[in-house]
Amino acid sequence: MQHPFDAFNGRILVAVDGSANARRAVAHVAAVASCAESVQIILLHIISEPDPDYFASPAERLGWLAERRMEAESFMADYKQLLANHGIGNGRITAVVKERDCPSLSECIMDEMRRLEVSTIALGRTGLQAKEELLLGSVSKRIVHHAKDCAVWVVT
Amino acid sequence: MEQHLHTAAADPDFQPLAERALRELAALHPNRDLSQVEIHTDTTDFYRINAGDVVLAEDERFLVGNNTREGRFGLDDEVKHWVKRATDLATGQRKIIKLSFHERFDANIGGIRFECFRSPHKESRILELTRGDSRFMQGHTRLDQTGNPIRVLDIVQGRCLPDVVSALTEAHEEYFHTRFPGILDNFIGAAQALALLHENQEKHGDVRRDHLFVHSDTGAYCWIDFDYNFVHRENIYGLDLFGLGNILIYLAGKGDVTLPDLRDHHPDILATLYWEDLSLVWQNRVANLRKVYPYIPKELNEILLYFSNNATIYYERADQMISDLRAARATLG
């Protein structure tokens, strides 16, 4: 029996935030998808919630989340426009914004990748210094090492 | 008693508790003028709580002593107003009480910025998780009348690790062959303790040498201070592991081996060092200690190199480092 991810299934997930690197990844996927009308693009942004203790009050947490959602709406609109500029209409784009407690952002992205049954994941590379990688870890590196049954495109 | 009632007049439990606290205080300090004792049931404004006051927290009562002080990197005089020495009025035992202090600040490690915050609830969780485990400071949490968690801490009988190491007078080679194997055993124990936190999805948050105490009776190591937290990105435990690496380099070197020290005392060794030999984060410290002390086994030195400019991969979990530490320990006899 063929594994569902043995082949390209036409669903590309682009993990994004508001950074220039993420925008580059969207632009790259837009260029590829503009050549193949069957490709569906899922723009995924994960709002990684800090420890509840980070907030002095529940109201502050709600305010923080609302602010992050607004930021996400703004850059998602920009990315949709970028895709539209390549002739990719809204019917081929799904935008997903998730609020998650993520000990590891890459794990959260890979969870979504499995849930959404995509065969390709694209993301921008931040270009961390070595010491940043030691202290903070690298999302793209972990996805390259740990993602299964899919292709990983790291756009630099 | 009337003069004491202003802080919690509406609480029917307050008066008997306050009276009990004052009776206990009178027994401990017969000459104390009880009319001057202020009793607090709300610790939100901890600046108002002074030495000689009493704090009531659920069923426990504490006579407040002096504030503690931050003790590293030239901050010896920075008073921590939310951390107070105290006496448990029921038992007469000395304790530390940590009052709730919510603060956020940017920390900078080697030029990398972190958003940090104090997390009293995290410290309370870890105290619960590690109850009875001598590798961690012990204590419990009581709530004040407004729900602020007060951490009631046992005082660790011992000295902090840098005090112990800096008191050793022997030369490095003798230290390394005679004392370091035992020190490494204790360090591995501390790393295993940290792994326990990670297995339970907790981070220490401020792993540094002066947050390790050496029990005066057993010589074993004990982690203190769990209320630091930081907004992590990809690797939730990266900072803890970095802290462990720093401590290991410090212990293997019997102190920090810095470029200025080598320049002043061993320019011949300095001449052999390259950028790759230095700490990845602290650029004036040597991580490749085998170049300075050639008798350091390769297996141990390779662990140190994970924290050097030469590293291309890093530990992601404590158990990876512990496995390497065990192998390195086996080479020391």
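Colleague: Mind showing me how you'd approach the overall build of chain A here?
Modeller: Each helix and strand in chain A was counted, giving five helices and five strands. Reading the secondary structure of chain A in the N-to-C direction produces β-α-β-α-β-α-β-α-α-β. Reported as C-alpha extents along the three principal axes, the dimensions of chain A are approximately 50 × 35 × 30 Å. Sorting the 156 residues of chain A into buried and exposed places 32% on the buried side. When contacts within chain A are restricted to residue pairs at least 6 apart in sequence, those whose partners lie at least 24 apart make up 80%.

Colleague: In this structure, what is going on with the packing of helix α4 (residues 172-199) of chain B against helix α9 (residues 318-330) of chain B? I would like to understand it.
Modeller: How two helices sit against one another is set out by the angle between their axes and by the gap between those axes. Residue and element names in this part refer to chain B. Put simply, α4 and α9 touch, their axes get as near as 9 Å, and they point 165 degrees apart. Comparing their axes, α9 and α4 come out roughly antiparallel. Handedness of the α4/α9 crossing: left-handed. Side by side, α4 and α9 meet where Leu184, Asp185, Ile188, Ala191, Gln192, Leu194, Ala195 and His198 of the first sit next to Ala318, Asp319, Met321, Ile322, Leu325, Arg326 and Arg329 of the second. Of the residues belonging to the contact of α4 with α9, the class tally is nine nonpolar, two polar and four charged.

Colleague: Where do I start with the nonpolar core in this structure?
Modeller: Inside soluble globular proteins, nonpolar side chains tend to come together where they are buried. Residues and elements named next belong to chain B. Judged by nonpolar contacts, the single largest core of 89 residues is most densely connected at Ala21, Val54, Leu248 and Leu304. For this core, the element with the highest residue contribution is α4, accounting for ten residues. Structurally, this core is a two-domain feature, drawing no fewer than three residues from each of domain 1 (2-100 + 137-154) and domain 2 (158-330). Ignoring any residue separated from it by four or fewer positions in sequence, one finds Leu304 in contact with Leu248, Ile249, Ala252, Ala287, Asn288 and Leu289.

Colleague: Would you explain the interface of chain A and chain B in this entry?
Modeller: When the parts come together, some accessible area is lost, and that loss is often what is quoted as the size of the interface. Contacts between the two partners involve 20 residues from chain A, matched on the other side by 22 residues from chain B. Broken down by secondary-structure element, the contributors of at least two residues to the side of chain A that touches chain B are α3 (105-116), α4 (130-136) and α5 (139-146) of chain A. Per-element tally for the side of chain A that touches chain B: the top contributor is α4 of chain A, with seven residues. When the residues that make up the side of chain A that touches chain B are grouped by side-chain class, the tally is ten nonpolar, four polar and six charged.

Colleague: How do you make sense of unusual backbone geometry when you look at a structure like this?
Modeller: Trans peptide bonds make up the majority, and among non-glycine residues the majority have a negative phi. Phi is positive for Asp149 of chain A, which is not a glycine, with a value near 60 degrees. Among the structural elements, Asp149 of chain A can be located in the loop between α5 and β5 (151-155). With a phi close to 60 degrees, Asp225 of chain B is a non-glycine residue in the positive phi region. The exposure class of Asp225 of chain B is partly exposed, given the 19 C-beta atoms found within 10 Å.

Scoring rules and cut-offs
Here the residue numbers are simple positions, counted from 1 along each chain's written sequence. In the order they appear in the text, chains get letters beginning with A and ligands get numbers beginning with 1. Where totals are concerned, whole chains, interfaces and linings use all residues; where local detail is concerned, this predicted model gives features only for residues with pLDDT of at least 70, and gives and counts side-chain atom pairs only at 80 or more. Only DSSP runs of H or I with at least four residues qualify as helices, and only runs of E with at least two residues qualify as strands; both kinds are numbered from the N terminus onward. Every C-beta atom is placed from the backbone, and the number of other C-beta atoms within 10 Å of a residue's own sets its class: buried at 20 or more, exposed at 12 or fewer, partly exposed in between. Working definition of a contact: two residues with C-beta atoms, positioned from the backbone, lying within 7 Å. Axis lines are fitted through C-alpha atoms, for helices just across the contact stretch, and the angle between N-to-C directions can take any value from 0 to 180 degrees. Any angle that falls under 35 degrees is termed roughly parallel, while one over 145 is termed roughly antiparallel, one within 65 to 115 roughly perpendicular, and all others oblique. Throughout, a crossing is termed right-handed when the near helix is turned clockwise from the far one, and left-handed when it is turned anticlockwise from it by less than a right angle. The nonpolar class holds Ala, Val, Leu, Ile, Met, Phe, Trp, Tyr, Cys and Pro. Asp, Glu, Lys and Arg form the charged class, and all remaining residues, Gly among them, are polar. Joined through C-beta atoms within 7 Å, a set of buried Ala, Val, Leu, Ile, Met, Phe, Trp, Tyr and Cys residues constitutes a nonpolar core. Segmentation of the chain into domains, including their bounds, is taken from an automatic or database domain assignment.

Honestly, it's all geometry; don't read function into it.
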